[in-house]
Structure formats: C-alpha cells, structure tokens
Amino acid sequence: MIDLHTHSTISDGTDPPAEVVRMAADAGLSALALSDHDTLEHVAPARAAADRLGVRLIPATEISCDSGDAVPGALHLLVYFVEDRPGPLADRLAALQAERTTRNVRIVERLQELGIDVTLDEILEEAGPGTVGRPHVAAVLVRKGAATSIQDAFDRLLAKGQPAYFERGRLGVEEAIALAHASGAVTSVAHPLSLGLADDALDDYVGTLAAAGLDGLECEYARYRPQERAMLRGVAARHGLVTTGGSDYHGTHKPGLSVGTGTGDLRVGDDVLVALEARRPL
Ligand code: AMP
Ligand code: ZN
Ligand code: FE
Ligand code: FE
C-alpha cells in the first residue's frame, strides 16, 4: 500500500516531514508522496527520514493552478517524481515563492495602514520553514486580538475583495503539466470534485487536460464516497488516465484522516506507482 497525497509543516500540515514519513512506516506503507503546496522544501528532510525508515519517498508537490474561466472551483495539480534541484518546474516554483515574499510585505504594509499592529517578522515566525501565506497572517491577527478567528481575518481583511488582499502569481494548469513533463515528472488532478463541475462538464474538462498531457486523476480521495470514487474512475478510464489516490493528510488541520488509510477505507496499491512511473517522460 502507498499514499500519494500528504502534507507537512512545510506547507499547511501540522506534523514535520519526518513525522509524516514515520506515520507511513508505521502504517506499513511501501511508498509515500509528501506533496506540500507549491514548494519542494519538504523533499530533503522527508527523504532523509524515508531512507532511515525504509520507505520509498516519491518527491512530489501540489500546485494551486490558474485554470482560467473553465473552472469555477479550485484546481490543484499533484506532481510526482519532481526533484528539489534546479529544473524547469523547480525554478518556476522558486520564482513564485519569491513573489510570495513581495506579496506578504504588501499585505503587512496595508494592515499597518489600517491601524493594525503587525510585522512581517511575526508572520515569518508564525509560519516557520516553508511557504508563508495568508493563513499565517490570519493566525497572527487572531493571536494579537485583531480578529476573532481565522475566518474573521479572511472575511474582513484577507479574502479576495477585502482591503488587505493581493493577488499572487499562479501557474496555468497546462503550463504546469508541460513544466512537469520537461522535468521528468508526471501529474494528476487532486480531489477533482473541487473543480466544482457537474459530471458531464468534469468529463469534458478532464479530457482537455488529458489532451494537454495530464497523466492521472485522483479518484481514490479519502474524503470521497464510494459512488463519487466510482464516477471519477469512469472519467479516468475514458481518458486513459492513471487512477491515483491519497489521504490528503494535514495533521490536526483536517481531523479524522490517517496516512495510508484516510478515514479508514482508503487502499492505494503499489500498482498505481508502477503505472505512473511508466508514464514518466524519459
Ligand atoms: P495563500 O496561499 O497565501 O493565498 O493562502 C491560501 C490559503 O488560505 C488557502 O489554502 C486556505 O487555507 C486559506 N484561505 C483562502 N481563502 C480563504 C477564505 N475565504 N476563508 C478562509 N481561508 C481561506
Ligand atoms: Zn493543504
Ligand atoms: Fe488540495
Ligand atoms: Fe492536499
């Protein structure tokens, strides 16, 4: 058994990379993809732990893509076999992380203009290593009494349309698929129901991504019901995609999920990895 979708403290999970790897080992998994959002900083610490514990680490990430007007919801693209060394995709992710820093400075300046006492250092400290983003700003605002909850901080200040909102750069989905392939990696659409498309529209849209080189579809998503998973397997089969799966483990940020077994019934076989590897560009 394997798990192809997990998060650590390097993005928005609550366990450090080595701890997530230890959970995979304890669950008896043969392989784990740690897929922190929009970064590859987790790969080195995860690999060190995986080597120690005898688990195969698949270097991975989950990219929040821009899907244009085609998709009402969110498009998260899982990328597998992408190394944390210079390369087409890794370089673009690094550039986007640098843009994030600029954006965080703008957010803090705007909050200060609004009379809120908050500094960039406080936010960096809140975030620790890895990606720094709005959830960390929100946590600091709550801690300092400037918001009553994370949601309140978003609703009044940080969400799109609010005074301290600033756009950040995103990769287009087809661009991300191409950069992944140019890096020797493969891709799968994470939790496809998040796209917010009805079944027929979902099938059509996944077809366009398949034509653009998409390799997989995350059908075995821990929080999806059996009928939903079956519907997604049908979409994957129609477009020749690998059926991938994972828990989307985030520690206490998404309670009730375990590495490997999800809510209890998740089973992703080693054959999925074999099928993904077979699609790796040479
Ligand atoms: P960032 O990457 O800095 O733009 O922050 C994105 C993260 O903020 C998402 O992954 C969510 O966890 C959180 N988020 C975005 N919009 C909202 C919202 N309206 N309410 C609560 N949380 C949100
Ligand atoms: Zn996440
Ligand atoms: Fe996601
Ligand atoms: Fe995820």
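Residues numbered from 1 in each chain as written. Chains lettered and ligands numbered in written order. Predicted model: local features only at pLDDT ≥ 70, side-chain atom pairs only at ≥ 80, totals over all residues. Heavy atoms only, no water.

Draft legend 1. Layout of the layout of surface pockets. Volume-wise, the largest pocket comes out at about 1,100 Å³. Around the largest pocket sit 40 residues that line it, and Asp12, His37, Ser64, Pro135 and Arg168 are the ones nearest its centre. Of all the elements in the fold, those that place two or more residues in the lining of the largest pocket are strand 3 (56-65), strand 4 (75-80), helix 3 (88-113), helix 4 (120-127) and helix 5 (134-143). Per element, the largest residue contribution to the lining of the largest pocket is four residues, and it comes from helix 5. Across the lining of the largest pocket, the residue classes tally to 10 nonpolar, 16 polar and 14 charged. (1 Å grid on protein atoms, 1.4 Å probe; cavity = no way out; pocket = protein on both sides within 12 Å on 5 of 7 lines; lining within 4 Å. Points joined across faces, edges and corners; volume = space filled by probe spheres on them. Helix = DSSP H or I, 4+ residues; strand = E, 2+ residues; numbered from the N terminus. Nonpolar A, V, L, I, M, F, W, Y, C, P; charged D, E, K, R; others polar.)

Draft legend 2. Geometry of the state of the cysteines. Within this structure, the stated rule accounts for zero disulfides. Cys65 takes part in no disulfide bond, and the closest cysteine sulfur, belonging to Cys219, lies 18 Å away. By relative accessible area, Cys219 is classed as buried at 0%. (Disulfide = S-S within 2.5 Å. Buried < 20%, exposed > 50% of the residue type's maximum accessible area, 1.4 Å probe, protein only.)

Draft legend 3. Here's a closer look at the pairing of strand 1 (residues 2-6). With respect to burial, strand 1 is a largely interior element, five of its five residues being buried. Where strand 1 lies against strand 2 (residues 31-34), three bridges are found, and the strand directions are parallel. In the sheet register, Thr6 faces strand 2, and the bridge partner there is Leu34. Taken together, strand 1, helix 1 (residues 17-26) and strand 2 constitute a β-α-β crossover, and its handedness is right-handed. (Pairing = 2+ DSSP bridges. Right-handed = clockwise from strand over helix to strand, strands pointing away.)

Draft legend 4. Main features of the site of ligand 1. Taken together, the neighbourhood of ligand 1 is formed by Arg100, Arg103, Gly133, Arg134, Pro135, Gln151, Phe154, Ala159 and Arg168. Here an oxygen atom of ligand 1 and a backbone polar atom of Arg134 are 2.8 Å apart. Relative to its free-state accessible area of 500 Å², ligand 1 is covered by the protein chains to the extent of 62%. Structurally, ligand 1 is housed in the largest pocket. Taken together, the elements giving at least two residues each to the shell around ligand 1 come down to helix 3, helix 5 and helix 6 (150-158). Taken together, the residues of the shell around ligand 1 break down into three nonpolar, two polar and four charged. (Near = heavy atom within 4 Å. Polar contact = N/O pair within 3.5 Å; in protein donor to acceptor, adjacent residues only side chain to side chain. Areas by Shrake-Rupley, 256 points an atom, 1.4 Å probe, with all protein chains shown as cover. Sits in = over half its atoms within 2 Å of the grid points.)

Draft legend 5. Seen up close, the coordination of the zinc ion (ligand 2). Here the zinc ion (ligand 2) is held by the protein donor atoms Asp12 (OD), Asp12 (OD), His37 (NE2) and His250 (NE2), which lie 1.9 to 2.6 Å from it. Every donor counted, the four donor atoms about the zinc ion (ligand 2) form angles of 52 to 136° at the centre, which fits irregular coordination. All donors to the zinc ion (ligand 2) come from one chain, and their sequence spacing reads D-x24-H-x212-H. A separation of 5.4 Å is found between the zinc ion (ligand 2) and the iron ion (ligand 3). Residue Asp12 is found in the loop between strand 1 and helix 1, and its partner His250 is found in the loop between strand 7 (242-246) and helix 10 (270-278); the two are separated by 238 residues along the sequence. Under the relative-accessibility criterion, Asp12 is labelled partly exposed at 30%. (Donors = N, O, S within 2.8 Å, 3.2 Å for Na, K, Ca; no water. Tetrahedral: all angles 85-135°; square planar, octahedral: opposite > 155°, others 65-115°.)

Draft legend 6. Looking closely at the pattern of salt bridges. Evaluation of the coordinates by the stated rule reveals 19 salt bridges. Measuring nitrogen to oxygen at the nearest pair gives 3.3 Å for the salt bridge that ties Lys160 to Glu167. In this structure, Arg238 and Asp203 form a salt bridge, with 2.7 Å as the shortest nitrogen-oxygen distance. Here the residue Arg238 occupies a position in helix 9 (residues 226-238), and Asp203 occupies one in helix 8 (residues 199-211), the gap between them amounting to 35 residues. Connected through shared salt-bridge partners, Glu220, Arg229, Arg233 and Asp265 make up one network. (Salt bridge = Lys/Arg side-chain N within 4 Å of Asp/Glu carboxyl O.)

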